[in-house]
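Residues per chain are reported as follows:
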Amino acid sequence: MRFFLRALCGLLVATAAVAQAPAQSGFDRPGGDYSRFVVPSGDPAVCATRCDRDGRCRAWTFSYPGTAALGGSDRATCWLKNKVTPLAENRCCVAGVKGAGLVEMRPGPIE
């Protein structure tokens, strides 16, 4: 029984170490761009999904529309990246890595 509990604890620790963090709102990943496209819906999940389905993609950054003054763009734009670059704090964007999913903080009441 003790062996089983130790093995289970070891498996849980290993799983937690491998799990990737979700996308981070308020951050950019400058560099590594190989593709860019406008996202008419303005939804960063479109960017995350496109990266997940593209074999070359390793990371992505989504820029909210009207954030050109912050270093973003005038239209909702997705940049796909062929490498995972360090995060840079920037309110214009949401950034993530392939397969990590998206957790976005949205203003307003909780349903």
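What this report covers is the structure whose coordinates are included nearby. These numbers were taken from a predicted model, which means no experiment stands behind them.

Topic: the packing of aromatic side chains
- Following the criterion strictly, the structure yields 1 aromatic pair and no others.
- Taking NZ or CZ as reference, Arg-50 lies 3.9 Å from the ring centre of Phe-37, over its face.

Remarks on the nonpolar core
- Membership of the largest hydrophobic core comes to 13 residues, with the highest contact counts inside it found for Val-39, Trp-60, Phe-62, Cys-78 and Leu-80.
- If you list the elements that add at least two residues to this core, you get helix H2 (44-53), strand S3 (59-63) and strand S4 (77-81).

Considering H2
- Taken residue by residue, H2 has Pro-44, Cys-47, Ala-48 and Cys-51 as its buried positions. Taken down its axis, H2 places every buried residue within 95° of arc, on the same side.
- The secondary structure elements touched by the buried residues of H2 are S3 and S4.
- Two or three places before Ala-45, at the start of H2, stands the capping residue Asp-43, its side-chain oxygen 3.0 Å from that residue's backbone nitrogen.

Here we look at the pattern of salt bridges
- Within the structure shown, the criterion is met by 1 salt bridge.
- Residues Asp-33 and Lys-81 are paired through a salt bridge, measuring 2.4 Å at the closest nitrogen-oxygen approach. With Asp-33 in strand S2 (residues 33-38) and Lys-81 in strand S4, the pair connects residues that are 48 residues apart, well separated along the chain.

About the criteria used
Residues numbered from 1 in each chain as written. Predicted model: local features only at pLDDT ≥ 70, side-chain atom pairs only at ≥ 80, totals over all residues. Heavy atoms only, no water. Phe/Tyr/Trp six-rings, centres within 6.5 Å; stacked < 30°, edge-to-face > 60°. Lys NZ or Arg CZ within 6 Å of the ring centre and 35° of its normal. Core = buried A, V, L, I, M, F, W, Y, C linked by side-chain atoms within 4.5 Å. Buried < 20%, exposed > 50% of the residue type's maximum accessible area, 1.4 Å probe, protein only. Helix = DSSP H or I, 4+ residues; strand = E, 2+ residues; numbered from the N terminus. Arc of directions from axis to C-beta. Contact = heavy atoms within 4.5 Å. Polar contact = N/O pair within 3.5 Å; in protein donor to acceptor, adjacent residues only side chain to side chain. Salt bridge = Lys/Arg side-chain N within 4 Å of Asp/Glu carboxyl O.

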